[in-house]
2 protein chains.
Amino acid sequence: MPDSLPTHDDVRHAAERIRPVATVTPLIESALLNEELGGRLLVKCEMLQKTGSFKFRGAYNRIAMIPEASRKDGVVAFSSGNHAQGVAAAARLLGVDACIIMPKDAPQTKIDNTRAYGAEVVLYDRFGESREEIGARLARERGSTLVKPYDDPGIIAGQGTIGLEIAAQSKAMGVTPDAVLTACSGGGLVTGVALGLAGEMPKVDVYSVEPVGLDDMARSLASGKLERNAADARSICDALMAPTPGDITFAIARQRVRGGLAVSDAEVRKAMALAFRHLKIVCEPGGAVGVAAVMTGKMPIKGRTVVVVASGGNVDPALFREALAA
Amino acid sequence: MPDSLPTHDDVRHAAERIRPVATVTPLIESALLNEELGGRLLVKCEMLQKTGSFKFRGAYNRIAMIPEASRKDGVVAFSSGNHAQGVAAAARLLGVDACIIMPKDAPQTKIDNTRAYGAEVVLYDRFGESREEIGARLARERGSTLVKPYDDPGIIAGQGTIGLEIAAQSKAMGVTPDAVLTACSGGGLVTGVALGLAGEMPKVDVYSVEPVGLDDMARSLASGKLERNAADARSICDALMAPTPGDITFAIARQRVRGGLAVSDAEVRKAMALAFRHLKIVCEPGGAVGVAAVMTGKMPIKGRTVVVVASGGNVDPALFREALAA
């Protein structure tokens, strides 16, 4: 068990920090889709967040927590995608230099976007080098703060602001959700949301949703210990590839996450098309897993209200076209 | 000149009527897109409105204004698309029967959706019959209220609530827009938005954007009298096909709309792809004309702040895929 876990109050403080810069994303629904499902599906539109995913929230909160004296030494992060863009954009807004370690074979658009936000990008060979080692070494050499993708109280609290918004927005709609589903890679989002909801709607069940074969959180919650994914596990959900839950995130998840679900790539493609058709939003594969869990009945919705966090929209046009054709 | 034009106060009353049911759609931007453009582009996401377009606002406001005693006689409307769905959904929420007159060759999904909202659909032959005559006859026979698509003070005031939201949201962001652009078919949206802004940000210039060849509002504003489109004018913007401005909308536009712009179908496709890539939203062709006007430089944005109303997202997957491939 890690020394200290973030709390609901940490999420409240995070909300104050990010308020001036983050988008309060809408919680939307479709009357026709609800009729098809026989229940009420509310979708939290994090693809509309700055940088196209929820990752901006945690990154901004974490970097804003760096003491003034240390900010001049910059931040270091490793990521192949949404965390990279979140850190780069947040660092620029806070006037902090960012160095992002990305795999040489990351999509060129993600490398370009990260550079466009003003970050220095260091490329590494993901088959011959360890990004954790490179990150730790660069942070040491430069005196920079390492901004981890999920296993950090500041990151978790930042993502948790989504939970606060879900509570406020569903209250304003006069509804108490029965369940809240979020995508899960290392667990920063699902545990943050659970913490954010804890002080507001303590009876809501929170679930993680992962790709089949990369459902380490679901299996870890079931077994009560950290489980790892097979090294050869693959999915179109490029944002959900973490091999195992974090120590901090798993400690929170054991207390606050009710269980884990898993969906296939084919189900994810159909969910992306469903979200396009009924909700007019762009979901990347990892952003559509919650919708897929509801659409397939893996999360029952008949006569109930289920909130799904659609976590991001950074998807290549070719993959999106393929999903629409499925 | 029509007898009485709707006012800013009418828009305020409309906002009170629709508040319990309409979505306050977000006003979003992309830092990277802003850098590319050299200015600030704020996009009002009306594809996230109920029924997938702004039309719900006007329809709900208009139907809510029908005296209690007349509501039992229902409403009649004619439309091949977004107005049909807006009226059907609003009527159902208000417990009013709706009969929608749609062309036999309208896309089946739009007919299906309108029926799914509980409306009776009457099909007509758009080459042999007049929808206006059918609508007037049905309204007379049944004692129903005819809910026009744009040339009605209640409709215009309802669409104008978007202007109020733009004013409030841009103030909250600490910015005063230099210009606001909206799509234009019959003119209900652009004049409503101009009225909504009038009491809040009176110095903002409001512009209509239409497809090339269907730019009757632009030409009417330029000549000072009602101009008609050629009968054979075509565009992929199926929502923007009205042949000429309405009497009421044109009277307002002459006072409050600064001018009209026009964009080609090829520009609209590129704008749909741009909105997908940078903003993660689904724009139907008619919903992307404002983005197209900015992207092409037809509306200057360098060093300025321009708000674009992205008016709807009801687009077939095949057409959207085509736009992403362009």
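Sequence positions are assigned chain by chain, starting from 1 and proceeding in written order. Here chains are named by letter from A upward and ligands by number from 1 upward, in the order in which they appear as written. In keeping with the predicted nature of the model, local features appear solely for residues at pLDDT of at least 70, side-chain atom pairs appear and are counted solely at 80 or more, and the whole-chain, interface and lining totals rest on all residues.

*Asks:* Mind showing me how you'd approach the relation of the copies chain B and chain A here?
*Replies:* The fit set for superposing copies consists of C-alpha atoms from residues with pLDDT of at least 70 in both; the fit itself is least squares. When chain B is fitted to chain A, the residual RMSD is 0.0 Å, and the transformation amounts to a turn of 180° plus an axial shift of 0.0 Å. Taken together, these values place the two copies in the relation of a two-fold axis. Note on contacts: residues are paired as contacts if their backbone-placed C-beta atoms lie within 7 Å. In this assembly, 100% of the residues forming the interface of chain B have copies in chain A that are likewise at the interface, indicating an isologous arrangement.

*Asks:* What's the story with unusual backbone geometry in this structure? I'm lost.
*Replies:* Excluding glycine, residues mostly have negative phi values, and the peptide bonds linking residues are mostly trans. In this model, A:Thr51 sits at a positive phi of 70°, which is unusual for a non-glycine residue. Runs of E in the DSSP output that reach at least two residues are strands. Runs of H or I that reach at least four are helices, and both are numbered from the N terminus. The topology assignment puts A:Thr51 in the loop between β2 (40-45) and α3 (55-64). Three classes are used. A residue is buried when 20 or more other C-beta atoms lie within 10 Å of its own, exposed when 12 or fewer do, and partly exposed in between, with C-beta atoms placed from the backbone. When the 27 C-beta atoms within 10 Å are taken as the criterion, A:Thr51 is described as buried. Here B:Lys280, not a glycine, exhibits a phi torsion of approximately 65°, which is positive.

*Asks:* What is the right way to read the nonpolar core from this model?
*Replies:* When a protein is soluble and globular, its nonpolar side chains tend to lie buried together. Grouped together as the largest cluster of nonpolar side chains are 217 residues, with contacts concentrated most on A:Val87, A:Ala275, A:Val291, A:Ala310, B:Val87, B:Ala275 and B:Ala310. Once residues lying within four places of it in the same chain are set aside, the contact partners of A:Ala275 are A:Ile281, A:Cys283, A:Ala288, A:Val291 and A:Ala310. Here, a nonpolar core denotes buried Ala, Val, Leu, Ile, Met, Phe, Trp, Tyr and Cys residues that are linked to one another through C-beta atoms within 7 Å.

*Asks:* Whenever I open this one, helix α3 (residues 55-64) of chain B confuses me. Can you help?
*Replies:* Because each turn of an α-helix spans 3.6 residues, side chains separated by three or four positions in sequence point in the same direction. Residues and elements named next belong to chain B. In terms of residue burial, α3 counts as a mostly covered element, since 10 of its 10 residues are buried. Taken together, the buried positions of α3 are occupied by Lys55, Phe56, Arg57, Gly58, Ala59, Tyr60, Asn61, Arg62, Ile63 and Ala64. On its buried face, α3 sits against α1 (8-18), β3 (75-78), α5 (82-93), α8 (153-172) and α9 (188-198).

*Asks:* Looking at this structure, how should I read the sheet that holds strand β2 (residues 40-45) of chain B?
*Replies:* Strand pairing in a sheet is mediated by backbone hydrogen bonds. Such pairs are either parallel or antiparallel. Residue and element names in this part refer to chain B. For two strands to pair, DSSP has to find at least two bridges joining them. With mixed pairing, six strands are arranged side by side in an open sheet as β1-β2-β10-β7-β8-β9. In the strand order of this sheet, the two ends are held by β1 (27-28) and β9 (259-263), each with one partner. Every angle, taken between N-to-C directions, lies between 0 and 180 degrees, and every axis is a line fitted to C-alpha atoms, over only the stretch in contact when it is a helix. Sheet contacts for α9: β7 (179-183), β8 (205-211) and β10 (305-310); angle to β7, the most-contacted strand, approximately 150°.

*Asks:* Looking at this model, I keep getting lost on the environment of A:Cys99. Mind explaining?
*Replies:* All names here are of chain A. The residue Cys99 is located in strand β4 (residues 98-103) in this model. Cys99 gets classed as buried once you count the C-beta atoms within 10 Å, which come to 21. Taking the C-alpha atoms as reference, Cys99 lies 9.3 Å from Ala139; in sequence the two are 40 residues apart. Leaving out residues up to four positions away in the same chain, Cys99 has contacts with Gly74, Val76, Ala119, Glu120, Val122, Leu138 and Ser144.

*Asks:* What should I look at first to understand the pairing of strand β9 (residues 259-263) of chain A in this one?
*Replies:* Successive side chains on a regular strand alternate, one facing one side of the sheet and the next facing the other. Residues and elements named next belong to chain A. Across the five residues that make up β9, a large majority, four, are buried. Where strand β8 (residues 205-211) and β9 come together, five bridges link them in parallel fashion. Residue pairing in the sheet places Val209 in a bridge with Leu261 of β9.

*Asks:* Can you walk me through the packing of α8(B) against α9(B) in this structure?
*Replies:* Describing two packed helices takes the angle between their axes plus the distance from one axis to the other. Residues and elements named next belong to chain B. At a closest axis distance of 6 Å, the pairing of α8 and α9 adopts a crossing angle of 50°. Considered as vectors, α8 and α9 are oriented oblique to each other. When you trace α8 past α9, the crossing you get is right-handed. Between α8 and α9, the contacting residues are Ile155, Ile156, Ala157, Gly158, Gln159, Gly160, Thr161, Ile162, Gly163, Leu164, Ile166 and Ala167 on the first element and Gly188, Leu189, Thr191, Gly192, Val193, Ala194, Leu195, Gly196 and Leu197 on the second. Side-chain classes are defined by residue name, with Ala, Val, Leu, Ile, Met, Phe, Trp, Tyr, Cys and Pro counting as nonpolar, Asp, Glu, Lys and Arg as charged, and the others, Gly among them, as polar. Of the residues that constitute the contact of α8 with α9, the class distribution is 12 nonpolar, nine polar and no charged. Oblique is the label for every angle not falling under 35 degrees (roughly parallel), over 145 degrees (roughly antiparallel), or within 65 to 115 degrees (roughly perpendicular). Note: crossing handedness is left-handed where the near helix turns anticlockwise from the far helix by less than a right angle, and right-handed where it turns clockwise.

*Asks:* Just to check I follow, could you spell out the domain arrangement of chain A for this structure?
*Replies:* Accessible area lost upon the coming together of the parts is a frequently used measure of interface size. All names here are of chain A. For the domain bounds, the source is a domain assignment made automatically or taken from a database. Domain annotation of chain A identifies domain 1 (8-54 + 152-325) and domain 2 (56-146). One C-alpha centre belongs to domain 1, the other to domain 2; they are set 24 Å apart. Opposite the 24 residues of domain 1 that make contact, domain 2 presents 15 residues. With seven residues, the top contributor of residues to the side of domain 1 that touches domain 2 is helix α8 (residues 153-172). Class assignment for the residues of the side of domain 1 that touches domain 2 results in nine nonpolar, 10 polar and five charged.

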